[in-house]
Amino acid sequence: MAASDAREPLPQFPRDFLWGVSTSAHQIEGAVDERGPSVWDAFTAVPGRVKDGTTAAVACDHYHRYREDVALIRELGVGAYRFSVSWPRVLPGGAGEVSAAGLDFYDRLVDELCAAGVSPVPTLFHWDTPLALADEGGWLRRDTAERFAEYAAVVAGRIGDRAKKWITLNEPAEHTLLGHALGQHAPGEQLMFDALPVAHHQLLAHGLAVRALRAAGATDIGIANSHGPTWPASASPEDTEAADFYDVLLNRLFADPLILGRYPEGIAELMPADDIDADLKVIAEPVDWYGINFYQPTKVGAPLPAATAAPTEFSGLTLPPELPFTPREIEGRPVTDFGWPVVPESLTELLTGFRDRYGDRLPPLVITENGCSYEGIDDQRRIDYLDGHLRALHRALEEGVDVRGYFVWSLMDNFEWAEGYRQRFGLVHVDFEDTATLERTPKASYAWLRAALRAQRA
Ligand code: FCB
């Protein structure tokens, strides 16, 4: 018997716990010529930006194959599907004229999901800013937040009768850090700490969109932020200070204003606002739930003396030496193909830590992404990863943290941003070599999850 068959069944989750899988538009849709251009199209056109030299022009061709993909979701037995709506597919110029074909696509997708008994959970922004808006300054401009709210209303006007759960933004922290501070994601800006306005404008966009969605009749609105425990490399004051700083950037810069209505100390002064209190009021517009994307904890220390000369390679990123912290290796743990350490119990730590930090102010939580990159169709290591994280999540429930759902990243292998197609996160394998078929093959982890969900319902 394979080791995975011998494991204990998962503990029972609450009956109404929401199970789902996640994807995002740019990573799966393809059909690039059937929408307006986004920053990712421009970014991937520059040689050297994507490690394997690929683009998402075809990706999984989900735009044309969505029926097959919805059938896979239905067969898996999850209750919900988190996808993202491509802003430049709906509004090719970012604002103004709406593309009928673009909106029709999401209309068909939502119908197909509903017919399959799967709840559609649209995310309105998963990093694919319309190029026309980026050319005018993108997220460095306050206007982009206003345009986003208009776009949110357009989408809600079309699919809001069937989409009953919404996500405004995906990981504004990564979009700020990777896209605008370090330049390793689109739009490729290397502004370092001058990228902070991008954080503020995304937060503002979120708050304005919550209002616009509610005005359009939408309910059950959340956001998907990436978070992870931050461990100081040692108890020294230098390492602790560096880890605290990293914790502010990853965990508090977005969560504090959303949940508490204020920025961590010293940040508000750096944000571009005529009236910061008024902005914070918009940003803290109450959400119905708070989404967490979780992959790994990070060990952080003071900048290394040797690092003052050379960039550090970390989890697929190249970090410049001038950062006031250095991520350190977490030793003695298995790593995924991406080099990310596998530390399931740190999910319990993260969730109880959120509860302890925010107390009664914390909205109900949903894990909006969790998963791992491994090659192969017999992906026992993905099963181990998911099994371990679900047990850790269950422990947090036992400790009284209010978590209402869990979405695996990802339904299928897809375009993993600057990594191209070489990091495979899917429960379903996609044959990117054979572009005529792009054949989908459910992996061992898909069968495992389907069986685990059946057992939950038994
Ligand atoms: C998250 C992103 C998602 C995917 C996973 C692996 O940061 O939201 O699109 O790239 O990581």
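Under the annotation held in an unreviewed UniProt entry, the protein carries the name Beta-glucosidase and is attributed to Streptomyces durmitorensis. Among the UniProt annotations of the protein, the heading Sequence similarities (unreviewed entry) holds the following wording: "Belongs to the glycosyl hydrolase 1 family." Per its UniProt entry, the protein bears the Catalytic activity (unreviewed entry) comment "Hydrolysis of terminal, non-reducing beta-D-glucosyl residues with release of beta-D-glucose."

(A) Expanded view of the environment of P237. With respect to the helices and strands, the residue P237 is situated in helix 10 (residues 237-252). For P237, a relative accessible area of 59% puts it in the exposed group. Note: C-alpha distance between P237 and D431 (194 residues apart in sequence) is 50 Å.

(B) Structural view of the site of the ligand. Close contacts around the ligand come from Q27, H126, W127, N170, E171, Y295, E369, W409, E416, W417 and F425, and that covers them all. Here N170 contributes a side-chain N or O atom positioned 2.9 Å from an oxygen atom of the ligand. Contact distances for the ligand include 2.9 Å between an oxygen atom and a side-chain N or O atom of W417. Protein contact buries 95% of the 290 Å² of open area that the ligand shows by itself. In the shell around the ligand, the residues fall into 5 nonpolar, 3 polar and 3 charged.

(C) How the structure looks around a negative patch on the surface. There is a patch of like negative charges on the surface, built from E68, E433, D434 and E439. Tracing the backbone shows E68 in helix 3 (residues 62-76).

(D) Quick peek at the nonpolar core. Counting residues in each nonpolar core, the largest one holds 128 residues, and the members touching the most others are F148, W166, L351 and L393. When residues of this core are assigned to their parent elements, the largest contribution, 11 residues, is made by helix 9 (residues 196-215). Sequence-distant contacts of F148, defined by excluding residues within four places in its chain, comprise W87, L124, F125, W139, T168, L169, A205 and A209. If you look at the next biggest cluster of nonpolar residues, it comprises 12 residues, including L178, F314, L317 and L323.

(E) Up close: unusual backbone geometry. For the bond running from A186 to P187, omega is 5 degrees, close enough to zero to count as cis. Checked against the element boundaries, P187 lands in the loop between helix 8 (172-181) and helix 9. Omega for the bond connecting W409 with S410 falls within 30 degrees of zero, at 15 degrees, which places this linkage in the cis form. Mapped onto the elements of the fold, S410 is located in the loop between strand 13 (403-409) and strand 14 (428-430). Here W127, not a glycine, exhibits a phi torsion of approximately 80 degrees, which is positive. Secondary-structure assignment places W127 in the loop between strand 3 (119-125) and helix 6 (131-135). Overall, W127 belongs to the buried group, its relative accessible area being 5%. The backbone of L438 sits at a positive phi, close to 45 degrees, despite the residue not being glycine.

Conventions we followed
Sequence order as written defines the numbering, with residues in each chain counted from 1. pLDDT decides what is reported in this predicted model: residues at 70 or higher carry local features, side-chain atom pairs at 80 or more are listed and counted, and totals for whole chains, interfaces and linings draw on all residues regardless. Computation of side-chain values covers all heavy atoms of the structure but excludes hydrogens and water. UniProt positions are given in the numbering used here, feature names are shortened, and annotations may be inferred rather than shown by experiment. Only runs of H or I of at least four residues qualify as helices and only runs of E of at least two qualify as strands under DSSP, and these elements are numbered from the N terminus. We call a residue buried when its accessible area falls under 20% of the maximum for its residue type, exposed when it is over 50%, and partly exposed in between, using a 1.4 Å probe and counting protein chains only. A cutoff of 4 Å decides nearness: a residue is near a molecule or strand if any of its heavy atoms lies inside that distance of it. Any pair of N or O atoms that falls within 3.5 Å is considered a polar contact. Within protein, one atom must be able to donate a hydrogen and the other to accept it, and sequence-neighbouring residues count only if both atoms are side-chain atoms. What sets the accessible areas is the Shrake-Rupley method with a 1.4 Å probe; for residues, cover comes only from the shown protein chains. Residue classes follow a fixed rule: Ala, Val, Leu, Ile, Met, Phe, Trp, Tyr, Cys and Pro count as nonpolar, while Asp, Glu, Lys and Arg count as charged, and any other residue, Gly among them, counts as polar. Each patch is built from residues that are more than 30% exposed by relative accessible area and take part in no salt bridge. Like charges join if they lie within 9 Å; nonpolar side chains (Val, Leu, Ile, Met, Phe, Trp, Tyr) join within 5 Å. In what follows, salt bridge is the name for a side-chain nitrogen of Lys or Arg lying within 4 Å of a carboxyl oxygen of Asp or Glu. The charged-residue count follows a simple rule in which Lys and Arg add positive charge and Asp and Glu add negative charge, with His and chain termini not counted at all. Working definition for charges: the position is that of NZ of Lys, CZ of Arg, CG of Asp or CD of Glu. Only buried residues count toward a nonpolar core. Its members are Ala, Val, Leu, Ile, Met, Phe, Trp, Tyr and Cys residues joined through side-chain atoms within 4.5 Å. Residue contacts are defined here by distance: any two heavy atoms, one from each residue, within 4.5 Å place the two residues in contact.

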